[in-house]
Amino acid sequence: MAEEVFAGVDVGASRTKVALLNKDKEVLGCAVRKSGTDFARTSELALGEALEMAGVRKEDITFSVATGYGRKNVIYADDTRTEIGCHAKGAFHFFPMAITVIDIGGQDNKIIKLDERGRRLSFKMNRKCAAGTGAFLEEMAMRLDIPLEEMEGLARQAVETVELGSFCTVFSATEVLEKIRQGKKVPDIVKGLFLSVIKRVLEMDSLTERVVMTGGVVEYNPYLVVMMRERTGLEIMVPERPQLTGAIGAALYGMEEVAEAAAA
Amino acid sequence: MLAKKESPRKEIAATKTLKKIMANHFYDLDEAARTGSKKIAWCTSVGPAELLRGMGFLVYFPENHGAMLGATRMATELIPHANAIGYSPDICSYLTSDIGSYLAKKTPLTKAYNIKSVPRPDVLVFNTNQCRDVQDWFSWYGREFGVPVIGVHTHRDIGQIRDYQIKDIAKQIEDLVPPLEEVSGQKFDMDRFREAVELSRQCSVLWRTCLETAAAIPSPWTFFDHTIHMGPAVVARGTKEAVDYYELLLEELNQRIESGIAAVEGEKYRLYWEGMPIWGKLRPLSELFISLKTCIVASTYCNSWIFDQLDPEEPFESMARAYTELFIVRDEAYKEQYIKNCHEFFKFHGIIFHDAKTCPNNSNNRYGMPERLSKKMGIPTLTINGDLNDLRCYSEEQAKTNVEAFIEQLEEN
Ligand code: SF4
């Protein structure tokens, strides 16, 4: 009999992530694609990519769970879960202890608190505006006319941090232009932008002793983790592929559902 | 032919009578405005309605009109008219949608009752017990119509209520009498006033008893029903019709309990709603909660029209007491204890705080209350961002995800 395979599909507003797990919870294949506007098609393509990587056929998938903003658009999903649940489950899988999960996504941030058994105690989501999310960094990269991928490198070169005072993305953009006019260095400004992301996150909720950071923004800008450690003095943990945390959590939910059904 | 999608909401039979009462309320006002047969007073929703009725006025409530503008989703289109003349999008969206409706000459009364416009006031009477916005709101109309604007200035954020506060408010209410006599052209009649206070008391007791039926498990009705059926408690308290209505409704609710009829089929979770309704989204929200087998059993908002202290023997003092005792007038410690008591009575599993962008007065999440209550009561809380009327401040998808995640959390714990 073929090995059991569980698919987790996280259709975020910005990127779609797929993770395929075997029953030992090992990642067999994965994919990340721009979500675009046709979520159904993107989730198909991403699944195809992950299947190819895993060398598994679609028919062999035991159970699929979709999550994220576009979760209801994933035609092949057997069930859906919220991204809050999936990020919590994914993060706890890697760090099974009482943790605060900080997920910095393309368009929203989440802070989820879990107890030592992985039960959710509370969660908060910032969704009123783009402040502190990936969209903020994208917008600022555009204003500074630097490729998004170079932000991380630039921030690491900073000698000092140019602090930005504003909540609002548009106000921040004006502030950045003002700083350039004053002759501030681009790396220092980029570090200031990273700090602004961190400040927006820390305003959302208090943190517990152990923190796990997840999401695409941290995957591509690990310097944010370094800065978060410095800022909070806390132990900050990161899964190997932070961007896949939600998709992995979704696959784990699927695994549980199948096990529960078998036990019933 | 396409089959009409059936709503999972269970209609309450008394709704028919409710609709009649609301319609008559507006027809009477419209007729009086057109013919001058009776004087019309505009009053804030938790303002001194009993006095106005006792003095023979027909009473119109702009906040009720505000809620209609919200529920019909006309508000979002009309608010910008008020913004454009200097009323900020950050202040009360009842105010901005109502003034916007006046400026654009559009009212939901036209579609619902074939009434062209809201009834012209002879006097506007406010009570700042709920907020300052009502005074600014009424003052705008006062200037527009050239009619007097009078009111009561309440002490706010009160812990224990002191005698001096009650004396002050009672005196302020009494002081409304001479200017009201001038407008009405009639002498104040104590017996008539006492009668209005007594009818309002009866209405209040019955409304409370109706709300308390939601303590039954499963609950016979939900917060979304409450927001509709509170109509008479707001616009018709102090009348016999309101009293009769709640007797009828109570009977139906008790029957539902007896026959084990649940408002939410298969009720699994019970929640408390803290804050204003999101008027333009009542239906989708109510259906969302039904799909999650969750019943919102109680709310601060719908409890706000309970005036237990009313007493015809001491009409001024008891009105002062009733309008000062309200949740919205009180300090954080009182509010927390109040919600704790509700928890013991209604047995809910969590609290949803609605942070209404334009109403700080009804958004109790802003000074750390969710965190404190969650710790004290050992139940989770969720804050959703939205607004009473301004749907530009609300994201349906985000609210939905938050609610679903909250129920997921309850399920897993
Ligand atoms: S309490 Fe809030 S919603 Fe009501 S009138 Fe005042 S500001 Fe507006």
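Since the structure is predicted, the reported quantities are computational estimates derived from the model, not experimental observations.

A. Representation of the sheet that holds strand β7 (residues 109–114) of chain A. All names here are of chain A. Taken in spatial order, the 5 strands of this open sheet run β8-β7-β6-β9-β10, and their pairing is mixed. Two strands lie at the open edges of the sheet, namely β8 (120–126) and β10 (235–237), each paired on one side alone. Geometrically, the sheet is characterised by an average inter-axis angle of 20 degrees between neighbouring strands, direction not taken into account. Summarising the sheet, strand β6 (residues 99–104) and strand β9 (residues 210–214) pair through 4 bridges and their orientation is parallel. If you follow V101 over to β9, its bridge partner there is V212. Helix α2 (residues 83–94) contacts β6, β7, β8 and β9 of the sheet and is inclined by roughly 55 degrees relative to β7.

B. Broad picture of helix α8 (residues 163–174) of chain B. Residue and element names in this part refer to chain B. The end-to-end C-alpha distance of α8 is 16 Å, a good match for the 16 Å that 12 residues give at a rise of 1.5 Å each. Listing the buried residues of α8 in full gives Q165, I166, I169, A170, Q172 and I173. The buried side chains of α8 occupy one side of the element, clustering within an arc of 160 degrees when seen end-on. In α8, the exposed positions angled more than 90 degrees off the buried face are occupied by D163, Y164 and K167. Tucked inside the fold, the buried residues of α8 contact α2 (49–54), β4 (149–152), α9 (177–184) and α15 (315–325).

C. Region of interest: a negative patch on the surface. Residue and element names in this part refer to chain B. Taken together, the side chains of E174, E313, E314 and E317 define an acidic patch exposed on the protein surface. Of note, E174 is situated in helix α8. Classification of E174 by relative accessible area gives partly exposed; the value is 39%.

D. Main features of the interface of chain A and chain B. Across the contact, 18 residues belong to chain A and 15 residues belong to chain B. Interface area for chain A against chain B, summed over the two sides, is near 1500 Å², with a carbon-plus-sulfur share of 42%. One can count 6 salt bridges joining chain A with chain B. The interface formed by chain A and chain B contains 11 residue pairs in polar contact (both at pLDDT 80 or more). Listed by contribution, the elements that provide at least two residues to the side of chain A that touches chain B are α2 and β8 of chain A. Top element by residues in the side of chain A that touches chain B is β8 of chain A. It accounts for 6 residues. Split into classes, the residues belonging to the side of chain A that touches chain B amount to 6 nonpolar, 3 polar and 9 charged.

Calculation notes
Residues numbered from 1 in each chain as written. Chains lettered and ligands numbered in written order. Predicted model: local features only at pLDDT ≥ 70, side-chain atom pairs only at ≥ 80, totals over all residues. Heavy atoms only, no water. Pairing = 2+ DSSP bridges. Helix = DSSP H or I, 4+ residues; strand = E, 2+ residues; numbered from the N terminus. Axes fitted to C-alpha atoms, helices over the stretch in contact; angles between N-to-C directions. Contact = heavy atoms within 4.5 Å. Expected span 1.5 Å × (residues − 1). Buried < 20%, exposed > 50% of the residue type's maximum accessible area, 1.4 Å probe, protein only. Arc of directions from axis to C-beta. Patch = residues over 30% accessible without salt bridge, like charges linked within 9 Å, V, L, I, M, F, W, Y side chains within 5 Å. Areas by Shrake-Rupley, 256 points an atom, 1.4 Å probe, with all protein chains shown as cover. Salt bridge = Lys/Arg side-chain N within 4 Å of Asp/Glu carboxyl O. Lys, Arg positive; Asp, Glu negative; His and termini not counted. Charge placed at Lys NZ, Arg CZ, Asp CG, Glu CD. Buried area = accessible area lost by both parts, 1.4 Å probe. Polar contact = N/O pair within 3.5 Å; in protein donor to acceptor, adjacent residues only side chain to side chain. Nonpolar A, V, L, I, M, F, W, Y, C, P; charged D, E, K, R; others polar.

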